[in-house]
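# Secondary and tertiary structure notes
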Amino acid sequence: MKALLKYREIWLAAAIVVLIGLISTRFPAFADPGNLGQVFNDTSILMILALGQMVVILTRSIDLSMASNLCFTGMVVAMLNAAHPAIPIPLLIVTALAVGLVLGAINGLLVWRLNIPSIVVTLGTLTIYRGATFVLSGGAWVNADKMSPDFIGFQRAAFLGIPVLSWIAILVIALFFILMTRTALGRSIYAIGVNPTASVYAGIDVGRTKFIVFCISGMIGGLAGYLWISRYVIASVEVANGYELNIIAACVIGGISIAGGIGSVGGAVLGALFLGIISNALPVINISPFWQMAISGSAIILAVVLNARGERRQGRIILRKAEAA
Amino acid sequence: MSDVPAPRHIPDRLDKPLSSAIFSWEALLVVVAVAIFAINSFASPYFLDAYSLSDLTFNFTEKGLIAFAMALLIISGEIDLSVAAIIALASTMMGMAVQAGADTPVLVLIGIVVGLGCGAFNGLLVTRLGLPSIVVTIGTMSLFRGIAFIILGDQAYKGYPESFAFFGQGYVWWVVSFELVLFLIAAVVYWFLLHRTSFGRRVFAIGNNPVAAQFSGVRVGRIKFILFCLTGLMAGIASVLITSRLGSTRPSIAQGYELEVITMVVLGGVSILGGSGSILGVVLAAFIMGLVTFGLGLLNVPGIVMSIFIGLLLIVVIALPIVWRRLRGVS
C-alpha cells in the first residue's frame, strides 16, 4: 500500500530525471552535480512556498494572498534593515515570520470565524496586502545599496559547502515532513480534506485547523519574503506580482489535489523542482525565456490530466489508510 | 389517518414580501453605490460632469461584459481564471492579422472566434476529462498568455485601422459610448438568459446539486461546456474593445483582469460555491467598482491604493450580512 502511495512521486521524479537527461543532451554541463545544486538553490523559495500552500490546499482551501504577503513582509524587513542595519539577521527572520503569521491569521480568522470561502477572503487580501505595501513604502523602492551586507550575504554564505538558502529549504522540507507524517495536526489536515463532515464526528475542530493552516502559510509567506528580497536585492510593490499562481502550479504538478486530502511533501517539492528546472534550463539550451509560460501551462494541464486518472483510485487508498490509523 | 391530503398548490413563483426585497443583497449594493456616488460628488468638483461620468464607464464595461458570463459559470459551480489570458491571445491574433493586412470586420471576427475557441478548449478539458476547472484554467491561463509571449516577446503590435478604433473609443450618442451600450445590451441578454429561460434554471440546478440535476435529465456536461464557450466569447469581445481602446497589443495586456472580474461577480452576490446569484447584482457591482476606481482616480489616489478599497469592499460586503445575522441571532 505504501508503495502505491509513493507511486505518483516516483513517476514525477522519473519525469524530472528524463527532463534533466533531455536537457543534458543539448547542454551536458546541466546534469553536473554542482549545477543541479544551483538549480535546487534557485528553486528553494518556490519549494518553501509550495509547502505552505500545500497544507492549505489539503484542507480544501486556497491561499491566493501568499505572494502579496511575501511582498509586504519583504518590504517590512527591507525597510527595517535600511533604517536599523544593526538588527541581527536572525531577529529579522523572526520578524518576517511574525509579520507573515499576522497576515495569515487575518485570512484564517475570516475563514474560521465568518465562514467566508477562502478563495474570496484571499482574493481580497491579495489586493489589500499588496496595496498596503505601497502605503507602507510610499511607492519607494529599497535598493541593494540600502541593505546591509549581512542582510544580502546571510543566505549566500556556505555551510558545509551548501548555501544557507538551500539549508533553510531542507530544514523547512524536514519540518513539513514531520508535521504531515508524524503529528496529529498533519493527520487532521488530511482528514479534513478527505471528509470534513466525518472529521467533525471524529473530534477534529475543522475551523480551528483551517485557521492553523492559514497561519502556517502566512508564516511561510513571511519567511519567503525575507529570502526573496535578500536574494533579488530589491524590495518594491511589484515583487512577486502574480507569483501566487506559480505556487499553486507547483502544487498541482506535484500531484496535490485541489479538491483536498491528497498530496505529499515530496510531491510539492518535486513539483516546484520541475518548474525550477524548466526555468533554469531554457536559457542554457537557447530557447527564448518567453517560452517558459506556455511550457509551464502545458505542464500544469498535463499534470492535472494524469493526476485525475490516478485520483479516483488514490482517494480511496488514502481514506482507508486514514481509517486504519 | 384516512384523510387524503388535498392536492397542494405550488405557485410558479413565490411572492416575495417587500421586506425581503429591502434586505436583499441588491438593495445593499444600491445603498453602497449611492453612498460612494454621493461621497465622490462631494470629494471632487469634477465628478458630476457628463463627460467625467462617461469616462467612468470605461472602468468597468470591458470587465463587466466578462463578469456576466463568469457569473453564470460560477453559479454552475465552475470558474474560469484564464479570461485575461484569452484577451491577450485574442488581441495578439488580431495584431498578427493586422500585420497581414486584415481589415476591421475580419479583426473583430478573429477576436471573437479566438475567444470562443479558447473557451471551448477550457470547456472540453473540464467536461470531457472531468478535471477541476480552477486548476485547468490556471494551466490554460499560463498557456494562452504564454503563446502570446512566444509570438510577441517584448514587441508590440500597432497600426490598427482607424475604423477599428470605434469599438473602444467611439460614442453612439452624445456621451454614451459604444462600450456602455454593449454592456447594457449584454446585461439585458444575460438577465433574460439566467432569470427567464429554462437554460437559466438548469444553470442554478447544476450549481445547487449537479448529481440531482444529472438524474433530472439536465445535460450537466453540455451546459457547462456552453458556459465555458460563452465566457470565452465574452473575453473575445472584451479583447476587441480593449485592443481598440488602447490601439496596441502587448502580451501583458489585461494582466490581472481575471481576479477583478471574479471580485465583481462575488461582490454582485454570486455565491462562489455556486447555486445562487443574480445579473442585477453583477451590474450593480460593476458600477460600484467603476465608481470607486474613478472617484479615487479623480482624487489622485494611485491605482494600487484603490485596490485596497476594492479588496476591503469585497471582504466587508461579504462579511457584513454574516456579522449582521449573527448579531441578530444573539440578541
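Residues numbered from 1 in each chain as written. Chains lettered and ligands numbered in written order. Predicted model: local features only at pLDDT ≥ 70, side-chain atom pairs only at ≥ 80, totals over all residues.

### Quick word on the overall build of chain B
As a reminder of what qualifies: A run of H or I in DSSP becomes a helix once it reaches four residues, and a run of E becomes a strand once it reaches two; helices and strands are each numbered from the N terminus. The globule rule used for comparison is 2.2 Å times the number of residues to the exponent 0.38, while the radius of gyration itself is calculated over C-alpha atoms. Exposed residues have 12 or fewer other C-beta atoms within 10 Å of their own C-beta, buried residues have 20 or more, and residues in between are partly exposed; the C-beta atoms are placed from the backbone. By the convention adopted here, residues make contact when the C-beta atoms placed from their backbones lie within 7 Å.
Assigned secondary structure in chain B consists of 15 helices and two strands. For chain B, whose C-alpha radius of gyration is 21 Å, the value lies close to the compact-globule estimate of 20 Å for 331 residues. Out of the 331 residues belonging to chain B, those deemed buried represent 49%. When contacts within chain B are restricted to residue pairs at least 6 apart in sequence, those whose partners lie at least 24 apart make up 78%.

### Quick look at the overall build of chain A
Looking only at helices and strands, one finds 13 helices and two strands in chain A. For 325 residues, the compact-globule formula gives about 20 Å, and the C-alpha radius of gyration of chain A, at 20 Å, lands near that figure. Here the contacts in chain A between residues at least 6 apart in sequence split such that 78% fall between residues at least 24 apart.

### Remarks on the interface of chain B and chain A
Stated formally: Put simply, Ala, Val, Leu, Ile, Met, Phe, Trp, Tyr, Cys and Pro go in the nonpolar bin, Asp, Glu, Lys and Arg in the charged bin, and everything else, Gly too, in the polar bin.
Listed as interface residues are 39 residues of chain B and, on the opposing side, 40 residues of chain A. Those elements that place two or more of their residues in the side of chain B that touches chain A are helix H7 (133-152), helix H13 (257-267) and helix H15 (303-330) of chain B. Among the elements that make up the side of chain B that touches chain A, the one with the highest residue count is H7(B) (14 residues). Class assignment of the residues belonging to the side of chain B that touches chain A gives a composition of 29 nonpolar, nine polar and one charged.

### Here's the deal with the environment of A:Gly153
All names here are of chain A. In this structure, Gly 153 sits in helix H6 (residues 149-153). In this structure Gly 153 comes out as partly exposed when scored by C-beta crowding, with 13 C-beta atoms within 10 Å. Between the alpha carbons of Gly 153 and Leu 245 there is a distance of 29 Å; along the sequence they are 92 residues apart.

### A few points about the confidence of the model for chain B
A low pLDDT means the predicted coordinates there should not be read in detail. Under the convention used in this document: The quantity known as pLDDT measures the predictor's confidence residue by residue, on a range of 0 to 100.
The predicted model of chain B averages 87 in pLDDT, with 92% of residues at 70 or higher. Across the interface, the model reports ipTM at 0.80; the global pTM reads 0.84.

### Things to note about the packing of helix H4 (residues 61-75) of chain B against helix H9 (residues 178-195) of chain B
All names here are of chain B. Filter applied, for reference: Comment: axis = line fitted to C-alpha atoms, over the contacting stretch for helices; angle = value between 0 and 180 degrees taken between N-to-C directions. Angles are sorted into four bins: roughly parallel if under 35 degrees, roughly antiparallel if over 145, roughly perpendicular if 65 to 115, and oblique for all others.
Between H4 and H9, the shortest axis-to-axis distance is 9 Å and the interhelical angle comes to 10 degrees. In terms of their interaxial angle, H4 and H9 are classed as roughly parallel. Seen from H4, the contacting residues are Thr 61, Glu 62, Gly 64, Leu 65, Phe 68 and Leu 72; seen from H9, they are Glu 179, Leu 180, Leu 182, Phe 183, Ala 186, Ala 187, Tyr 190 and Leu 194. Taken together, the residues of the contact of H4 with H9 sort by class into ten nonpolar, two polar and two charged.

### Topic: H13(B)
Burial of H13(B) is extensive: eleven of the eleven residues sit out of reach of the surface. Buried within H13(B) we find B:Tyr257, B:Glu258, B:Leu259, B:Glu260, B:Val261, B:Ile262, B:Thr263, B:Met264, B:Val265, B:Val266 and B:Leu267.

### Considering the environment of B:Phe164
Residues and elements named next belong to chain B. One can find Phe 164 in the loop between H7 and helix H8 (166-169). On a C-alpha basis, the gap between Phe 164 and Lys 224 in space is 33 Å, while along the polypeptide they are 60 residues apart. Discounting chain neighbours no more than four positions away, the residues touching Phe 164 are Thr 104, Leu 107 and Ser 244.

### Examining unusual backbone geometry
The bulk of non-glycine residues show a negative phi, and the bulk of peptide bonds are trans. Of note in this structure, A:Arg60 is not a glycine but carries a positive phi near 65 degrees. Tracing the sequence through the fold places A:Arg60 in the loop between helix H2 (33-58) and helix H3 (66-83). Classification of A:Arg60 by C-beta neighbours within 10 Å gives partly exposed; the count is 19. Despite not being glycine, B:Trp174 shows a phi value in the positive range, around 50 degrees. Checked against the element boundaries, B:Trp174 lands in the loop between strand E1 (171-173) and strand E2 (176-177).

### Quick notes on the confidence of the model for chain A
Per-residue confidence for chain A averages 85 on the pLDDT scale, and 93% of its residues sit at or above 70. For chain A, helix H13 (residues 292-324) of chain A is the element with the lowest average pLDDT, namely 66, and helix H10 (residues 206-232) of chain A is the one with the highest, namely 93.

### Regarding the packing of helix H5 (residues 83-99) of chain B against H7(B)
A packed helix pair is summarised by two numbers, namely the angle formed by the two axes and the spacing between the axes. Residue and element names in this part refer to chain B. The criterion, for reference: By definition, any crossing whose near helix is turned counterclockwise from its far helix by less than a right angle is left-handed, and any crossing with a clockwise turn is right-handed.
It is the contact of H5 with H7, at a shortest axis distance of 8 Å, that shows an interaxial angle of 25 degrees. Taken together, the axes of H5 and H7 are roughly parallel relative to one another. In this structure, H5 crosses over H7, and the sense of that crossing is left-handed. Counting all contacts with H5, which are made through Ala 85, Ile 86, Ala 88, Leu 89, Thr 92 and Met 96, the residues of H7 involved are Thr 140, Met 141, Phe 144, Arg 145, Ile 147, Ala 148, Ile 151 and Leu 152. Looking at side-chain class alone, the contact of H5 with H7 contains eleven nonpolar, two polar and one charged residues.

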